[in-house]
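Below, each chain spelled out in residue letters.
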Amino acid sequence: MPHVDATDPGLDLDMLLAMRPTTSRTGEAALRRIYERIDDHLLRHAGYVSFSGGKDSVLVLDLVRRVDPDVPVVFFDSGLEFPETLDFVRSLANEWELDLHRFAADPPLLDVLADTGAWRHGEADGAVPDLHHILIEEPARCAHELLGPGELWGVRADESAGRRALYASMSDQGAFTRLDGTAVYGPVWNWSTADVWAHTRRHDLPVNPVYAKMRSLGVPEPQLRVSHILDGNHLDRGRLTWLRRGWPSVFEQLADVLPRIRQMT
């Protein structure tokens, strides 16, 4: 096999990723698992695909639509999403003619953070809210009432130690039931990040522009995550600095409500 010089400016890394043979096999396995879940009535007429606008949820949505093109799609809006994410979700919903349902956090995440007092000068810290309930449990309950309790999502084991532990504890790998009755299944639970990008490029899937913007700011690849703009987690990893540099107007709007974030950049 000839030697390949990775520093060669003519090397097409996207093409090489798209040629990864493991991606095809992984995709076929994921499709089989999705077929099985739908046959078990997890999804058809009894659930939805959870869609965040990130690369993993785009991938899962692409796979599921090959099995059921009319699958309901749910976007859980925290109230602190990147502007590009909101535009991307709307655009993809139109392009792919999605049966899209939006469920907003109530109260919005910004209001929750402001009410704690922890982000304003001269105020005593209030009680820490249960963000899991506000951002996940309650919106999911609303989605269940409308669409059913089955949920397919793009959460993968290699994203964090917590997620590896979550999947490792399951007897039915990739599937579990939450305390609220949600029957959750992650068809790409054992995919690597390289697998995800390879599938994305091979099938020319749309990509949220937040990724390109983060890369231009120097965000390390493992931290390229499309999530809430701010939720109080992982502030030691530079998230607020990237926000201030990449989205200065958004940062200033947040700082008007949460003044202490200026001290954290």
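Small disclaimer: the values here were computed from a predicted structure and weren't measured.

1. Things to note about the overall build of the protein
Along the backbone of the protein there are eleven helices and six strands. Looking at the 265 residues of the protein, the share that counts as buried comes to 47%. Considering only intrachain contacts with a sequence separation of at least 6, the fraction spanning at least 24 residues in the protein is 71%. Total accessible area on the protein stands at roughly 13,600 Å², and carbon and sulfur atoms take up 52% of it.

2. Quick word on helix H8 (residues 193–202)
Of the positions making up H8, those classed as buried are Asp195, Val196, Trp197, Ala198, His199 and Thr200. Just beyond H8, the residue with positive phi is aspartate 204, at close to 55 degrees.

3. Observations concerning the pattern of salt bridges
Opposite charge on two side chains permits them to pair, given that their charged atoms come into close proximity. One pass over the full model with this rule turns up 15 salt bridges. Taking the shortest distance from any N to any O, the salt bridge between aspartate 87 and arginine 90 comes out at 2.6 Å. Taken together, the positions of aspartate 87 and arginine 90, both in helix H4 (residues 83–95) and three residues apart, correspond to about one turn of that helix. Judged by its relative accessible area of 44%, aspartate 87 falls in the partly exposed class. Notably, a salt bridge pairs arginine 225 with glutamate 159, separated by 3.9 Å at the nearest N-O pair. Taken together, the residues span a long stretch of sequence, with arginine 225 in the loop between helix H9 (210–216) and helix H10 (239–246) and glutamate 159 in the loop between strand E4 (150–152) and helix H7 (161–168) at a distance of 66 residues. When its relative accessible area of 18% is taken as the criterion, glutamate 159 is described as buried.

4. As for the pairing of strand E3 (residues 99–104)
Bridge count between strand E2 (residues 72–77) and E3: six bridges; the pairing is parallel. Considered in E3, the bridge of phenylalanine 76 is made with phenylalanine 103.

5. Describing the confidence of the model for the protein
Taken over all residues, the pLDDT of the protein has a mean of 82, while the share at 70 or more is 81%. Averaged pLDDT values over the elements of the protein bottom out at 39 in helix H1 (residues 13–18) and peak at 98 in H4. The model gives residues 1–22 a pLDDT under 50, and that stretch makes 18 contacts with residues more than four places away or in other chains.

Here is what the cut-offs are and how they apply
Residues numbered from 1 in each chain as written. Predicted model: local features only at pLDDT ≥ 70, side-chain atom pairs only at ≥ 80, totals over all residues. Heavy atoms only, no water. Helix = DSSP H or I, 4+ residues; strand = E, 2+ residues; numbered from the N terminus. Buried < 20%, exposed > 50% of the residue type's maximum accessible area, 1.4 Å probe, protein only. Contact = heavy atoms within 4.5 Å. Areas by Shrake-Rupley, 256 points an atom, 1.4 Å probe, with all protein chains shown as cover. Salt bridge = Lys/Arg side-chain N within 4 Å of Asp/Glu carboxyl O. Pairing = 2+ DSSP bridges. pLDDT = per-residue confidence, 0-100.

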